[in-house]
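What the coordinates show
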Amino acid sequence: MARVHIIGAGLAGLSTGVELALKGHELIIYEQANQAGGRARSFHDAHLDRTIDNGNHLMLSGNYSVTNMLETINASTRLSGPDHASFDFADLETDDNWTINFNRGPVPLWVLYERTRVPGTSMMDYVAGLKLLTAGNRSVRNLFGEQGQMYRRFWEPFSVAVLNTAPDIAVARLMLPVLRETLAKGAEYSKPLVAKQGLSHTFIDPALKWLSYRKADVRFGQRVSKIEVANNSATAIVTGKNIEPLGPDDKIVLAAPPWIASTLVEGIIAPDQFAPIVNVHFQVDGFDETKIKTPMLGLVGSVSQWLFVRGDIISVTVSAGHGLADKSSKEIAAITWPEVAKAYGLDATSIPPARVIKEQRATFIATPEQLVKRAPTKTHINNLMLAGDWTDTGLPATIEGAIRSGVKAAKAIMK
Ligand SMILES: Cc1cc2nc3c(=O)[nH]c(=O)nc-3n(C[C@H](O)[C@H](O)[C@H](O)COP(=O)(O)OP(=O)(O)OC[C@H]3O[C@@H](n4cnc5c(N)ncnc54)[C@H](O)[C@@H]3O)c2cc1C
C-alpha cells in the first residue's frame, strides 16, 4: 500500500492521518513545531502556572466530523458541554441578560414567544433570516444591519464567532452551512461543546497516541522547505534535516496553513488575508466555577465577545480583533478585565494575573475575494492533495472544517 506523507500536524493533518491509518496506510507526518495541534493547541503557561489553550474553541454537537474523529480515537468523553442547547448572553451596555434555548427538532418553537426570543426582537426578525438563502455576496451588515437588536444581539455575535471577519465585509452566506448542520436542526445538533481539559487533551494527545499504535512515523521539528516536482508528480520532500525521496506510489497531503502551502507548491492559490483572534486568560484566585450559571457567556455591548471558564481561569475571546491585537498585552488586559468583572460580579479594580495571546493569522477573512481563493483537495500535481481549514470545504475556517478537509483528502487518496 502507498506511503502517505502528511505535511503539518494540525487538526487537518491529524484527521487525514487517522482516516488513512484506519485503512492501513503507512504514514509519515512532518511537523515543523515540537508539538502537534497548530492553531488548536494547549501549553503550560509559567506565569499563570496553568495549562491553557492558545484560544478558546467552541464547537457544536452537530459538528459530525469532530464527533466522528473523537469517537475513532476513543476521546468522545473529552468534550464537555451542557445537556441542553442553551446559550447565555449579557448585554453590558443595557444590563440585560438572556438565554437562547434551542428546542428539539427543526421547528424553532422558541422564536414564537417573546419570553424565549432574544430581548427586543420580533418573530419577523427570525423570518428575515431566510434572506440568507439568496444573499449572494452580501455582507452580514448589509443583509441584517437594519434589524436593530436582532442584528446587535444575534447576527453580529454569531457571524463574528463563526466567520472571524468584521460583519461589514463578511460574506453572510458562509454562515448557511453552519446553520444548516447545527442550529436549524434543533437542540440535538446545537449544544455548545468545549474541550474539557484543553485542546491537546481532547484532540491532539489521543490522536497522536492512536496514530502511534498504528505505527505512524510522526517527525517533530521537521519543517518542510521544498517539495520537488518532476512531470507533474512530487518526487521528494525536503526538510532542514533530510531529503525524503518518494516512491512511485507515494502520495502527499499538504496540510500546512495557506501562507505556507502556497509557497511550497508553485501554482497553488490560497487565501492571503487573515484576521486575528485575541484571547485573554485571567487566573482568578478563589473563583468558584460552580457558583456561576454557565461556563460560557456571550457578551454584547463590550469589546470582549465570549467568556469561558475552566477552573479558576476565566478566558476572554475577541474574534476579528484587528484594533485590539495592535495594543499591548497590558492594555488588552486592562480593557477586558472590567468587562469580565461586570459580567461575573467581581472586583473591577484589581486585574488578576493574565496571559494575552494574539493569534494574528487565526483564520482567513471570509470576503468574496478570499473565498474564491480556497483551493480544492486535488491539485495539478498528480500525487499531491491539500487539506486545511482554508481549502474549499464549503465551511468557514473552523475545527469542523479542518477535520472534514482531512477526511476529504484521505478519501481522495484512497480513490
Ligand atoms: C485563537 C483561535 C481561536 C479559534 N476559535 C475557534 C473556535 O472557537 N471554533 C472553531 O471551530 N475553530 C476555531 N479556530 C480555528 C481553528 O483553530 C482552525 O480552523 C484549525 O485549528 C485549523 O487547523 P489546520 O490543521 O487546518 O491548520 P493548522 O492548525 O494551522 O495546522 C497546520 C500545521 O502545519 C504546520 N506547518 C506549517 N508549516 C510547516 C512546514 N513547512 N513543514 C511542516 N509543518 C508545517 C504547523 O506548525 C501546524 O501544526 C480558532 C483559531 C484560533 C487561532
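These remarks concern the structure in this document. (Residues numbered from 1 in each chain as written. Predicted model: local features only at pLDDT ≥ 70, side-chain atom pairs only at ≥ 80, totals over all residues. Heavy atoms only, no water.)

Let us look at the pattern of salt bridges. Under the criterion given, the structure shown has 19 salt bridges. For R3, the salt bridge goes to D250, with nearest N and O atoms at 2.9 Å. Of this pair, R3 sits in strand β1 (residues 3-7) while D250 sits in the loop between β13 (243-245) and β14 (251-254), and the two are 247 residues apart along the sequence. There is no split in this pair, since R3 and D250 are both buried. Notably, a salt bridge pairs R153 with D96, separated by 2.8 Å at the nearest N-O pair. Residue R153 is found in helix α5 (residues 149-163), and its partner D96 is found in strand β8 (residues 96-101); the two are separated by 57 residues along the sequence. Take D96: its relative accessible area is 30%, and that puts it in the partly exposed class. Each of R3, D217, R219, E244 and D250 takes part in a single network of salt bridges with overlapping partners. (Salt bridge = Lys/Arg side-chain N within 4 Å of Asp/Glu carboxyl O. Helix = DSSP H or I, 4+ residues; strand = E, 2+ residues; numbered from the N terminus. Buried < 20%, exposed > 50% of the residue type's maximum accessible area, 1.4 Å probe, protein only.)

Near the ligand you find 34 residues, and of these E31, R39, H57, L58 and D389 are the closest. Within the backbone of Q32, an N or O atom sits 3.2 Å from a nitrogen atom of the ligand. In the complex, 94% of the free accessible area of the ligand, which totals 1000 Å², lies under the protein chains. Broken down by secondary-structure element, the contributors of at least two residues to the shell around the ligand are α1 (11-22), β2 (26-31), β15 (274-283), β19 (354-364) and α12 (399-414). Class assignment for the residues of the shell around the ligand results in 17 nonpolar, 12 polar and 5 charged. Mapped onto the domain boundaries, the shell around the ligand takes at least three residues apiece from domain 1 (3-41 + 198-272 + 367-414) and domain 3 (274-364). (Near = heavy atom within 4 Å. Polar contact = N/O pair within 3.5 Å; in protein donor to acceptor, adjacent residues only side chain to side chain. Areas by Shrake-Rupley, 256 points an atom, 1.4 Å probe, with all protein chains shown as cover. Nonpolar A, V, L, I, M, F, W, Y, C, P; charged D, E, K, R; others polar. Domains from an automatic or database assignment.)

As summarised here, the arrangement of the 5 strands in space is β10-β2-β1-β14-β20, forming an open sheet in which the pairing is parallel. The strands lining the two open edges of the sheet, one partner per strand, are β10 (217-220) and β20 (384-386). Between one strand axis and the next, the sheet turns by 20 degrees as a mean value, whatever way the strands run. Sheet analysis places β1 next to β2, joined by 5 bridges and oriented parallel. Bridged to V4 within β2 is L27. (Pairing = 2+ DSSP bridges. Axes fitted to C-alpha atoms, helices over the stretch in contact; angles between N-to-C directions.)

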